[in-house]
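# Structure assessment
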Amino acid sequence: MRYIISQVIEHGPAVKEFQIRRQDGAPLPDWQPGSHIVLHFQGAGGEAMERHYSLVGAAGPAHAYRIAVQREETGKGGSRCLHEAYGTGSEIDLSGPFNSFPLEAAGPRVRLIAGGIGITPLVSMAHALSAAGQPFELHYLARSAERLVLLDELRAIPHATIIQHLSERDGRADLAAVLGPYTAGDSLYSCGPAVLLQALAEAGAQAGWPQSAMHFESFGARTGQDDGPLTVELSLSEMTIEVQPGTSILDALLAADAFVSYDCQRGECGKCYTPVLHGAPLHRDICLTPAMRATGMCTCVSWAAAPGHLVLEI
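As a starting point, this report considers the structure included with it. The structure displayed is predicted, hence computed values, not measured ones. (Residues numbered from 1 in each chain as written. Predicted model: local features only at pLDDT ≥ 70, side-chain atom pairs only at ≥ 80, totals over all residues. Heavy atoms only, no water.)

### Examining the environment of glycine 107
Going by this rule: We count a stretch as a helix when DSSP gives it H or I for four or more residues in a row; a strand needs E for two or more, and each element gets its number in order from the N terminus.
Mapped onto the elements of the fold, glycine 107 is located in the loop between strand S8 (91-98) and strand S9 (110-115). Here the alpha-carbon distance between glycine 107 and valine 276, two residues 169 residues apart in the chain, equals 37 Å.

And the structure:
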């Protein structure tokens, strides 16, 4: 099955919305709030590329899928390729929709918090909450006003309370104040860069929010400029694995046929949590409690401080 880009809309200087239809015009599969699709396309050098993008708009039956792609100059080239080489009439492949960030039954108070382009999955949640008559607040964090996209659509959603936080104008947002104290049934849905979600998780824990009430979807690289090579020893398997920057510890374990559990590969679910017997992990997850971090790590996103030596109980 082939798909075609039927329309491209610019949202500010760095974001393009791509509307994608089936070539034969047939309806697309229904989708739910928080869902995403996976695009399969050729990069500038002919290499195969695969990128995940949240669906935008009101969920349900669809003749077109909408995605918003922010151009990342320092990324791996996928967004630049889409911006430069794909336009109205271009053919493209996709799979999905999938949903790893579902909107669950809402309680008395719902907070939606977006960091930059992380607004995309929250638009569909805002539509769904409004249609259900569920009160909610949407907090939109960005560096500047030109980084706020899809505002016209958000403002047209009935009963939506939208609060903007612009760091260039207002300074860093007070996340504790945005969250407020937890009361039974409250829920939080947030999408943004990992550093924002880590700060939200910490603020929520301090304010008494249980982990089960906080739902996150992250994006962006989890690597650091100072990351060096790692030597990872597996105490139970009696194996030693060398891991280079740019490869996750989890991927290196899988390549070595180590027996490990995992799911999200974004540091959000905790299924790859592994006890650490020696070494100093650099935690980049958004799901572990302080107590869990004291004794282990998420191998899918975390790294280790110099001298780059870990002993894992695997």
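Resuming the write-up.
### Focus on the sheet that holds strand S4 (residues 36-42)
Heads up, the rule is: By this definition, two strands are paired if DSSP reports at least two bridges between them. Interaxial angle, 0 to 180 degrees, is taken between N-to-C directions of lines fitted to C-alpha atoms, where a helix line uses only the stretch in contact.
Strand order in the open sheet made by the 6 strands is S5-S4-S8-S1-S2-S7, with antiparallel pairing throughout. Each edge of the open sheet carries a strand with a single partner, namely strand S5 (48-54) and strand S7 (65-70). Strand-to-strand twist across the sheet, computed as the mean angle between neighbouring axes with direction ignored, equals 35°. Summarising the sheet, strand S1 (residues 3-11) and strand S2 (residues 15-22) pair through 8 bridges and their orientation is antiparallel. Among the inter-strand pairings, glutamine 7 is bridged to a residue of S2, identified as glutamine 19.

### Structural notes on the sheet that holds S9
The parallel open sheet is built from 5 strands, whose spatial order is S11-S10-S9-S12-S13. In this open sheet, the two strands that pair with only one neighbour each are strand S11 (161-166) and strand S13 (214-219). Direction aside, neighbouring strands of the sheet carry axes that sit 10° apart on average. Strand direction decides the pairing type here: strand S10 (residues 136-142) and S11, joined by 6 bridges, are parallel. When the bridges of S11 are listed, leucine 138 appears paired with isoleucine 162.

### Quick word on the nonpolar core
So the rule is basically this: Each nonpolar core is a collection of buried residues, namely Ala, Val, Leu, Ile, Met, Phe, Trp, Tyr and Cys, held together in the definition by side-chain atoms within 4.5 Å. Only protein chains enter the accessibility calculation, which uses a 1.4 Å probe. A residue is then buried if its area is under 20% of the maximum for its type, exposed if over 50%, and partly exposed in between. In what follows, residue pairs with any heavy atoms lying within 4.5 Å of each other are defined as contacts.
Counting residues in each nonpolar core, the largest one holds 27 residues, and the members touching the most others are Leu112, Ile119, Leu122, Leu138, Tyr140 and Leu154. Contributing elements (two or more residues each) for this core: S9, helix H2 (120-131), S10, helix H3 (151-155) and strand S12 (187-193). Here the element with the most residues in this core is H2; it accounts for 5 residues. Once you skip the residues sitting within four places of it in the chain, leucine 112 turns out to touch Leu122, Met125, Ala126, Leu129, Phe136, Glu137, Leu138, His139 and Tyr189. By size, the runner-up hydrophobic cluster in this structure holds 24 residues, among which are Ile241, Leu253, Leu310 and Ile314.

### Brief notes about H2
Burial within H2 is extensive, with 9 of its 12 residues counted as buried. Of all the residues in H2, the buried ones are Thr120, Pro121, Leu122, Val123, Ser124, Met125, Ala126, Leu129 and Ser130. Two residues or fewer past H2, glycine 133 is found with a positive phi of approximately 75°.

### Describing the pairing of S2
Counting buried residues along S2, 7 of its 8 residues qualify, which places the element largely inside the surrounding structure. By the bridge criterion, 6 bridges tie S2 to S7 in an arrangement that is antiparallel. In the strand pairing of S7, valine 15 is matched with glutamine 70.

### A look at unusual backbone geometry
With omega at 10°, the peptide bond leading from glycine 96 into proline 97 counts as cis. Summarising the element assignment, proline 97 is placed in strand S8. Cis geometry is adopted by the peptide bond preceding proline 307, which originates at alanine 306 and carries an omega value of 15°. One non-glycine residue, leucine 150, lies in positive phi territory at about 65°. Examined against the element boundaries, leucine 150 turns out to sit in the loop between S10 and H3. Positive phi, close to 55°, is recorded for glutamate 238, a residue that is not glycine. Its place among the elements puts glutamate 238 in the loop between strand S14 (230-234) and strand S15 (239-243).

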